[in-house]
Amino acid sequence: MTQGNEMVDEKDKTTAAASNEANVVTMPIARTKEAEPAAPKPAAPAIIEQTEAAPAPEPAIEAVAPANKSRRKARIFGLGVLVALGALIAWYPLSDHYAPYATGASITANVTQIAPRVAGPIQHVLIADNAEVTAGQPLFQIDDTTFKMDVAQAQAQLDQALNSVTAGVAAIPAAEAKLSQAKVALITAEQDLDRATQLHEKGLMPIARFTPIEANYQTAGLNVAAATAELERVKLSASTADGNNPNLRAAQAALDRAQFALVNTTIVAPADGYVSNLSLAEGQFVAAGTPAMTFINPATQMVIADLRENQLLNVRAGDRAIVIFEAAPGQQFEATVESIAWGINSGRTSVNGLAQSSNDTRWFPPARKVPVRVTINDMSALPPNVRLGSEASVLILPDEGFVPTLARGLLRVSSLLSGFN
């Protein structure tokens, strides 16, 4: 029984081994590199049928290529960043020398505070605030009642002076007659003195009679001098043609002053321009010399830009410039450098008569800027919304070349972008 059982078990094992071999599935093994010799393994108790392995695939070249492309793109991008950074660093000094550019500029003009020459209550306000006016246009009027009275009084004084002159003219013939009489009396006294002198020298006339004759001659001479002076005085007071009469000059000056004050009761615009900051009402009293409104003369408009000192190396008066405004996107206006300020306030102070040193401890102190006046060539080309104080940017082109051309292109782009602010 025992031997029969062992034979049955051996047969079952052989059958199970054959069944296991039939169920074995062989898997191909992909190798990317030469496999190292493995250590020998102990033989399995069952016999396994060896199958032929699949051929190994080629190395994964497609996976390496995208990595190389990414590195190449990163290298190109980094090189582009360095080039752009270098171009910006080079552009900064080149533009300062050959195409100075300044932002934060503003348009300015001559602003006049209009004040009356005479004092009085406002009778009429003839314009509105922010109105456009022409030269000589009436702006407001002061009550002229008292000024008309002053003119009438001055005219009366002049008439009185003229009457006095007329009376003096009538007195000229009388003064001339008196002078003629004095001259005749002098001639008679001179003849009497000659005869008396001859008689007195011959001893025929005593001294008592000779002395009165001599005194009469001297009196006649004095009368002639007095008559001559009187005639000159009358003629001087009666002189009107040459204006040498002081009374007439004084009276005429008083009349002119009164008429001047009367005319200035109506305040007019000094030139073509605009009125702003009007704060007048009828009945309001204004004093002479007190500003009543602001007048802006557009003919004097200009742009003032602050440029750093190192930007002014090549800038001269008369250089070409281009101006853009925030209020006029996309538009460029030709301009000319009018002048450069000769000095700015350095900020240095003095204490007890001695100069005080600067206490600035910053590593990079701010650059000092010098005002530059730029005049727009055609002021009529400015749009209406460009007003006094409008923000502007200024590009100065001392010479032609690549840098000025590029700067002008960048300015055009900046002008277009200003419309999105």
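Here, every reference points to the structure presented above.
Nothing here was measured: the structure is a model prediction, and the numbers come from that model.

Q: Summarise helix H5 (residues 246-263); cite the residues concerned and give the values.
A: With 18 residues, H5 should cover 26 Å at 1.5 Å per step; its first-to-last C-alpha distance of 26 Å lies within 8% of that length. Of the residues making up H5, those classed as buried are Leu248, Ala251, Leu255, Ala258 and Ala261. Each buried residue of H5 sits inside an arc of 165° when the element is viewed along its axis, so together they form one side. Exposed and facing more than 90 degrees away from the buried side of H5 are Arg257 and Val263.

Q: Let's hear about helix H6 (residues 402-417): which residues, and what values?
A: Between its first and last C-alpha atoms H6 spans 23 Å; for 16 residues at 1.5 Å apiece the expected length is 22 Å, and the two agree. Those residues of H6 that sit buried are Val403, Pro404, Ala407, Leu411 and Ser415. Angularly, the buried residues of H6 cover 110° about the axis, an arc narrow enough to put them on a single face. Opposite the buried face of H6, at more than 90 degrees from it, the exposed residues are Phe402 and Thr405.

Q: Account for the environment of leucine 411, with residues named and values stated.
A: Position of leucine 411 among the secondary structure elements: in helix H6. Its relative accessible area of 2% is what places leucine 411 among the buried residues. Here the alpha-carbon distance between leucine 411 and isoleucine 324, two residues 87 residues apart in the chain, equals 8.1 Å. Other than its neighbours up to four places away in sequence, leucine 411 contacts Tyr101, Ile322, Ile324, Gln332 and Leu395.

Q: Before we move on, could you go through a nonpolar patch on the surface and cite the residues and values that matter?
A: Taken together, the side chains of Phe402, Leu406 and Leu410 make up a nonpolar region of the molecular surface, amounting to roughly 320 Å² of accessible area. Along the chain, leucine 406 turns up in helix H6. On the basis of relative accessibility, which here comes to 34%, the residue leucine 406 falls in the partly exposed class.

Q: Tell me about the pattern of salt bridges, and please be specific about residues and values.
A: Pairing between side chains of opposite charge can happen when their charged atoms approach one another. This structure, assessed with the given rule, holds six salt bridges. Measuring nitrogen to oxygen at the nearest pair gives 2.6 Å for the salt bridge that ties aspartate 96 to arginine 308. Taken together, the residues span a long stretch of sequence, with aspartate 96 in helix H2 (residues 61-98) and arginine 308 in strand S8 (residues 293-308) at a distance of 212 residues. The buried category is assigned to aspartate 96, whose relative accessible area is 5%. In this structure, lysine 148 engages aspartate 144 in a salt bridge whose closest nitrogen and oxygen atoms are separated by 3.7 Å. What makes lysine 148 partly exposed here is its relative accessible area of 48%. For aspartate 144, a relative accessible area of 14% translates into the label buried. What you see here is one network of salt bridges that share partners, running through Arg320, Glu334, Glu400 and Arg408.

Q: Which residues make up the nonpolar core, and what values go with them?
A: Here is a general trend for soluble globular proteins: nonpolar side chains tend to be buried in one another's company. One finds Val303, Val323, Phe325, Val374, Val394 and Ile396 to be the most contacted residues of the largest nonpolar core, which totals 24 residues. Listing elements by their share of this core, those giving two or more residues are strand S1 (101-114), S8, strand S9 (320-325), strand S10 (328-340), strand S13 (369-376) and strand S14 (391-397). Apart from residues no more than four positions distant in its own chain, valine 394 is found in contact with Pro100, Tyr101, Ala102, Ala105, Val303, Ala305, Ala321, Ile322, Val323 and Val374. In this structure, Val133, Val275, Leu280 and Val286 belong to the second largest nonpolar core, which totals 19 residues.

Q: Residues and numbers for unusual backbone geometry, please.
A: One non-glycine residue, asparagine 130, adopts positive backbone phi at about 60°. With respect to the helices, strands and loops of the structure, asparagine 130 is situated in the loop between strand S2 (120-125) and strand S3 (132-133). In this model, asparagine 277 sits at a positive phi of 55°, which is unusual for a non-glycine residue. Note that asparagine 277 resides in the loop between strand S6 (273-276) and strand S7 (285-286). A residue is classified by how much of its surface remains accessible, and asparagine 277, at 51% relative accessible area, is exposed.

Q: Can you lay out the pairing of S9 for me, pointing to particular residues and giving the numbers?
A: With respect to burial, S9 is a largely interior element, five of its six residues being buried. The pairing of S9 with S10 spans five bridges and is antiparallel. In the strand pairing of S10, phenylalanine 325 is matched with alanine 328. Between S9 and S10, which pair antiparallel one after the other, the connecting turn spans two residues. In terms of strand pairing, S9 meets S14 through six bridges, oriented antiparallel.

Q: Account for the side chain of serine 390, naming residues and giving values.
A: Examined against the element boundaries, serine 390 turns out to sit in the loop between S13 and S14. One polar contact links the side chain of serine 390 to the main-chain carbonyl oxygen of arginine 387, over a distance of 2.8 Å. Not counting chain neighbours up to four residues away, the residues in contact with serine 390 comprise Ala105, Ser106, Ile107 and Asn385.

Q: Any chance you could break down the layout of surface pockets for me, citing the residues and the numbers?
A: Considering only enclosed or pocket space, the largest pocket measures out at about 470 Å³ in volume. Counting only elements with at least two residues in the lining of the largest pocket, the list comes to S6 and S8. Of the residues assigned to the lining of the largest pocket, the class counts are 11 nonpolar, four polar and two charged.

Q: Help me get a handle on the pairing of S13, residues and values and all.
A: Residues Val370, Val372, Val374 and Ile376 line the buried face of S13, whereas the alternating positions Lys369, Pro371, Arg373 and Thr375 sit on a face that is not buried. Relative to S13, S8 is paired through six bridges, and the arrangement is antiparallel. Within S13, the position partnered with alanine 305 by the bridge is valine 372. Two elements, S10 and S13, share five bridges in a ladder whose sense is antiparallel. When the bridges of S13 are listed, valine 337 appears paired with valine 374.

What counts and how
Residues numbered from 1 in each chain as written. Predicted model: local features only at pLDDT ≥ 70, side-chain atom pairs only at ≥ 80, totals over all residues. Heavy atoms only, no water. Helix = DSSP H or I, 4+ residues; strand = E, 2+ residues; numbered from the N terminus. Expected span 1.5 Å × (residues − 1). Buried < 20%, exposed > 50% of the residue type's maximum accessible area, 1.4 Å probe, protein only. Arc of directions from axis to C-beta. Contact = heavy atoms within 4.5 Å. Patch = residues over 30% accessible without salt bridge, like charges linked within 9 Å, V, L, I, M, F, W, Y side chains within 5 Å. Areas by Shrake-Rupley, 256 points an atom, 1.4 Å probe, with all protein chains shown as cover. Salt bridge = Lys/Arg side-chain N within 4 Å of Asp/Glu carboxyl O. Core = buried A, V, L, I, M, F, W, Y, C linked by side-chain atoms within 4.5 Å. Pairing = 2+ DSSP bridges. Polar contact = N/O pair within 3.5 Å; in protein donor to acceptor, adjacent residues only side chain to side chain. 1 Å grid on protein atoms, 1.4 Å probe; cavity = no way out; pocket = protein on both sides within 12 Å on 5 of 7 lines; lining within 4 Å. Points joined across faces, edges and corners; volume = space filled by probe spheres on them. Nonpolar A, V, L, I, M, F, W, Y, C, P; charged D, E, K, R; others polar.

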